[in-house]
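Given next are the chains, with one letter for each unit.
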Amino acid sequence: MKERLEALRVEALAQLQEVADAGRLNDLRVHYLGKKGQLTEILRGMGGLSAEERPVIGQVANDVRAAIEEVLADKQAAFDRAETERRLAAETIDVTLPGRAVATGSVHPLTKVTQEIEDIFLGMGYTIAEGPEVETDYFNFEALNLPKDHPARDMQDSFYITDEILLRTHTSPVQIRAMKNADGATPLKVICPGRVYRRDDDDATHSFMFHQIEGLVVGPDIRMSDLKGTLLQFVQAMYGPQVQIRLRPSFFPFTEPSAEVDVTCTQCGGQGCRMCKQSGWIEILGCGMVHPKVLEHGGFDPEQVSGFAFGMGVERIALLKYDIDDIRHFYNNDLRFLGQFARM
Amino acid sequence: MNVSYQWLSEYIDLGGIEPQELADLLTRGGIEIDGVVSRNAGVTKTVVGYVLEKEKHPDADKLNVCKIDAGTGETLQIVCGAPNVAAGQKVPVALVGAKLPGDLQIKRAKLRGVESQGMICSARELGINDKLLPKELQEGILVLPADTAVGTDIADLLGLNDAVLELDLTPNRSDCLSLLGVAYETAALTGRPLTLPEPEKALYSAADKTADAIKVAIESSEACSHYAMRVVKGVKIGPSPLWLQNRLIAAGIRPISNVVDVTNFVMLEYGQPLHAFDAAKVKGAVRVRFAREGETLVTLDGQERKLEPHMPVIADDERAIALAGVMGGLDTEVTPDTVDILLESARFAGAAVRKTSRQLGLRSEASARFEKGVDPERVRGALDRAASLIAQTAGGLVTDGVSEVRLAAPEPAVIELSLERINRMLGTSLSSLEVKTIWSRLQFAAEPAGEGVWRLTVPTRRGDITRAVDLIEEVARLNGYDRIPTTRIEGPTTTGALTKPQSIRRELRKLLSEAGLSEAVTYSVTSASRAALFPALSGAAEGMRPIGLAMPMSEERSALRATLLPNLLEAASYNKSRRNASAALFEIASVYHSAEEKLTTLPAEHPRLAFLLTGNREGSGWNQAATAYDFYDAKGIVEKLLTRLGLTGAVRFEQAQPADFHPGRTAALKLATATGEVAIGYVGQLHPELQREFDLGDAYAAEIDLKPLYEAADARIVYGTLPRFPSAERDLAVVVDGSVPGASLVEAARQAAGEWLESVRVFDVYAGERLGAGKKSVALSIVYRHPDRTLNDEEIAEAQQSVVSRLEQSFSAELRK
């Protein structure tokens, strides 16, 4: 019996060695180890064995079974692996085709620039003040030291609605409103972004509607050197630490002294190029020490406090930042234009 | 204002300062120079020649052969094509080897067989803007005055070796609308001394009294504070001498005649406008008064002007003869026949001049100066200077004395200022000596008034300086803005933070752009017809009225917008016409509402959010078909932003039919607040007619008031413990009438489902013939959960039954089995 078992082992292992597919493997499993298989068949004869022989033969039978099962398992695993590989190979897709689009929108470039500037000043301890776009002549002009018939009103021809109400020509009236709201409390540090309107014919560099950001600081002993320091800090945050500023005397009715501010040309780094007209400098904002009359209109005593103010055009900064050639792109809302500002 | 470098150097030594350096110096000091233009456009080796004889060219009808003495020692033969060349003329001759503007080189040449040794030049060929020349000199070659010396270099003669500084003046520095003003400024910047012009006394007649020749009066003191006249008798009108013409041309003013040129010259020199009348045409006395009702005047430009009673005029006994400070009258103009002239120098009120010139659309060099204010102390100086220059250039004698009325003489400003205040304001540490030097360079009289304090007397020529801060600016700019240090603000620190509305707007922009929409920025002004769209959003339904601009630039921009959507429609339409039919756009901006017919108070400005979806949400790709936007895309965006603001459940969507929206596909948004429901906007499809009007396909849009959302938005996050026991989900479907809103079924189920309800949602809606006409099936998925144990089947079945009963009762719903 032992010989038969050994012969079965040899035969089975030889057969299994030849197997090439999972179906045949299963057939052999049934043939040798199944309920009616060869091993069972041989073991039926166990009944005729002596008590001494029985455990010995039993041990041999178990060894034979284990040997066959081990080979069966190995073979099965190999076939499973091959099957998996075949299936995965069949599942291959073209990874070079485009992915399913996730809709991408964009924030308007003027908003991006405004928020960037806001964030710099928020970091410097400023709050953001807002005021109406439709303003009274008083807030837009008179309180800013621009009485009626002042020749400086020519600088910014306006859209009036009535004799006393107009579309604001600058964000400066928010200075007065912010001062009045502060009710004499200092320090006051605000910036005021918003839409402004001037009677200009639209062309590549002019728009009757545009955006400004105004800044105002009022406190005891605010100096013109603080204004310079603040602007330097701002432009370096905006354009990088290598950038310098240059102040040129100018005139605004609501500041005295007044200045226009140039920054090192961001295109050429001050070497001179087309953008800066070879000067190495680009004009980006106007500023000055708040005029005593303006402080008075805002409810402050110019003998007790002083202040500085500055204002810049958002469009101008965006035009320079993105090297845009025509201001009208900002308002046409061409998706081919807007889509270019989808990046962070 | 254009300033000739040579002219300026008559008042101040500019040695060692090149024109460009002067321009930089002035710009850094606050007088911005836009450009420095050389007057010589490239003329060399061109001299004055005398035409000895002129003969016709033997072989060319239009050419002449001239013999020229150009002081070279030989007689030159030059062929010339100009019809006006004649023997006996002095003309500009470009010699062989000369260069002319436009890279023209003069060479010995043969013209139709005749040798030509040079070229006789026109003004244009010399690079002179011939619009600035008298008419008779614009045609043909430039004929020079007969007394010009042969051989003189033409560039010297015509003042071409000069540069012109183009000043871009700020409105406060009208003092620099004069050569003297710029000279004072240059003196302040350089510290060099000034040489001021002195009127020539010898030309005055002692016997003839001005008072006998003309009487003047100011009848309207609001129009004029100082009026002065001199009389020059026996003038001979003709062209002015070249030096005078050169000065005017350099300044961009066309020479006309000796008398008129002198008035312009002195205006440029002193900044004081002057006017000359033909004395023979002025009847009786001269006075300043306001125009009479219905009065007219033909001004020098030949136009008849209808005058109004607020316009100041100069009048004689009979009629207005000049628009005061703006332009003279044609009737009393100086002509070639004029013999005696009345010369006016006056100080007219700036506001009145400004109003007149604006209303008539008539701006002149004179009005520009009066509007901004002239130096009250130069009225007489300029008059005297002009009178003597006229006598010099046009002959005649100036009568003795001045007829004048001076009502008020403004006092020079006297201001006290301390060194400490200057340094405190600027953040500088200037010494007393440094500041004193600045006062002396400005030629401001500075008296000590206590320790470190000056009492400054500001000359009347600097009318812009009225306060201490104005003087501090003078110190700052003359010391140099670049010498102000950079410092940090001292004092308590402040915290920068966004307000809640500002944070919400930023959040909404981020959310919408991430949802695939592009932010638009559109104009706040629109046409009246656009402003009338969407009455439910424009407030027109609640009595709001359109707000129009008083003087619009065009019909398309004549009214303030009351809604945002029309601009987004325009933007979508703009993109569609550029082959981009799919657009998802949003804008966050204010609209303007007022119930007033004519505004007496500011309109309400409502911050709003609007968005518009049209075309395809997704374009077709290799693995998907294009899908068009529909209502639920728009509503989904609204729901997403409400979720972000913590307002899910606070806003109810209600079927609505506002004008310009699709009547069956629009919802009104109702926000629940402590004081009741507030309508905050609409979401829906646009009316097909409106879509057509804008040439768009189906478009879905929303416009929402942000202010109520600012108040209601709830950003607080409160953690809720995660459930420990399983939920039970049960579905049911009911058949109801097609008009029953899905939201009502959900709400009814929510109320009926008992305390262990977690959520109710619609997961299917079906309408078909099997259900019967006008019926629909709505399938609800209801989730129950108990926080502390697992619910048993009986409890759940009971809750479900309660829901079914409620739906049956309230909506005649039939449970689908």
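Computed from a prediction, not measured in an experiment: that's the story for all the values here.

Caption draft 1: Local environment of the overall build of chain B. For chain B, the count of helices and strands is 23 helices and 43 strands. In terms of overall dimensions, chain B has a C-alpha envelope of 130 × 85 × 60 Å along the principal axes. Sorting the 817 residues of chain B into buried and exposed places 51% on the buried side. If you take every contact in chain B between residues at least 6 apart in sequence, the share linking residues at least 24 apart comes to 70%.

Caption draft 2: View of the interface of chain A and chain B. With 90 residues of chain A at the contact, the number on the chain B side is 91 residues. For the pair chain A and chain B, the summed buried surface comes to about 7400 Å²; carbon and sulfur atoms form 56% of the total. For the pair chain A and chain B, the interface holds 37 residue pairs in polar contact (both at pLDDT 80 or more). Here the element with the most residues in the side of chain A that touches chain B is helix α8 (residues 224–239) of chain A; it accounts for 8 residues. Here the side of chain A that touches chain B is built from residues that sort into 39 nonpolar, 22 polar and 29 charged.

Caption draft 3: Representation of helix α1 (residues 2–18) of chain A. Residue and element names in this part refer to chain A. Relative to the 24 Å expected for 17 residues at 1.5 Å per residue, α1 spans 25 Å between its end C-alpha atoms, a close match to the ideal helical length. For α1, the full list of buried residues reads Leu-5, Leu-8, Ala-12 and Leu-16. Down the axis of α1, the smallest arc covering the buried residues is 55°, so these residues share one side. Structural note: α1 exposes Glu-3, Val-10, Gln-17 and Glu-18 on the side pointing more than 90 degrees away from its buried face. Contact partners of the buried residues in α1: α2 (22–33), α3 (38–43) and α4 (53–90).

Caption draft 4: A look at the nonpolar core. Judged by nonpolar contacts, the single largest core of 178 residues is most densely connected at Phe-310 of chain A together with Ile-422 and Trp-439 of chain B. Per element, the largest residue contribution to this core is 9 residues, and it comes from helix α11 (residues 379–394) of chain B. Discounting residues that sit within four places of it in the chain, Ile-422 of chain B has contacts with Leu-417, Thr-428, Leu-430, Val-435, Trp-439, Trp-454, Ile-472 and Val-475 of chain B. Of all hydrophobic cores here, the second largest spans 34 residues; its members include Met-229, Leu-297, Leu-307 and Phe-348 of chain B.

Caption draft 5: Inspection of the pairing of strand β28 (residues 453–458) of chain B at higher detail. Residues and elements named next belong to chain B. The two faces of β28 differ: Trp-454, Leu-456 and Val-458 on one face are buried, but Val-453, Arg-455 and Thr-457 on the other face are not. Here 6 bridges tie strand β26 (residues 413–418) to β28, and the two strands are oriented antiparallel to one another. By the bridge assignment, Ile-415 is partnered in β28 with Leu-456. In sequence, strand β27 (residues 445–448) turns back onto β28 through a hairpin of 4 residues, with Gly-450 there showing a positive phi of about 100°.

Caption draft 6: Spotlight on the packing of aromatic side chains. What the rule picks out here adds up to 21 aromatic pairs over all chains. Aromatic pair Phe-159 of chain A and Phe-208 of chain A: ring centres 6.0 Å apart, planes at 80°, arrangement edge-to-face. Highlighted residues: Phe-159 of chain A in the loop between α6 (137–140) and β3 (165–167) and Phe-208 of chain A in the loop between β4 (188–197) and β5 (209–219), separated in sequence by 49 residues. For the pair formed by Phe-159 of chain A and Phe-208 of chain A, the shared burial category is buried. Look at Trp-7 of chain B and Phe-265 of chain B: their rings are 4.7 Å apart centre to centre, the planes differ by 15°, and that puts the pair in the stacked class. Residue Trp-7 of chain B is found in helix α1 (residues 5–8), and its partner Phe-265 of chain B is found in helix α8 (residues 258–270); the two are separated by 258 residues along the sequence. Judged by its relative accessible area of 1%, Trp-7 of chain B falls in the buried class. Looking at Arg-557 of chain B, its charged tip hangs above the ring of Tyr-523 of chain B, at a distance of 4.7 Å from the centre. Between the NZ or CZ atom of Arg-578 of chain B and the centre of the ring of Tyr-574 of chain B, over which it lies, the distance is 3.6 Å.

Parameters and conventions
Residues numbered from 1 in each chain as written. Chains lettered and ligands numbered in written order. Predicted model: local features only at pLDDT ≥ 70, side-chain atom pairs only at ≥ 80, totals over all residues. Heavy atoms only, no water. Helix = DSSP H or I, 4+ residues; strand = E, 2+ residues; numbered from the N terminus. Buried < 20%, exposed > 50% of the residue type's maximum accessible area, 1.4 Å probe, protein only. Contact = heavy atoms within 4.5 Å. Buried area = accessible area lost by both parts, 1.4 Å probe. Polar contact = N/O pair within 3.5 Å; in protein donor to acceptor, adjacent residues only side chain to side chain. Nonpolar A, V, L, I, M, F, W, Y, C, P; charged D, E, K, R; others polar. Expected span 1.5 Å × (residues − 1). Arc of directions from axis to C-beta. Core = buried A, V, L, I, M, F, W, Y, C linked by side-chain atoms within 4.5 Å. Pairing = 2+ DSSP bridges. Phe/Tyr/Trp six-rings, centres within 6.5 Å; stacked < 30°, edge-to-face > 60°. Lys NZ or Arg CZ within 6 Å of the ring centre and 35° of its normal.

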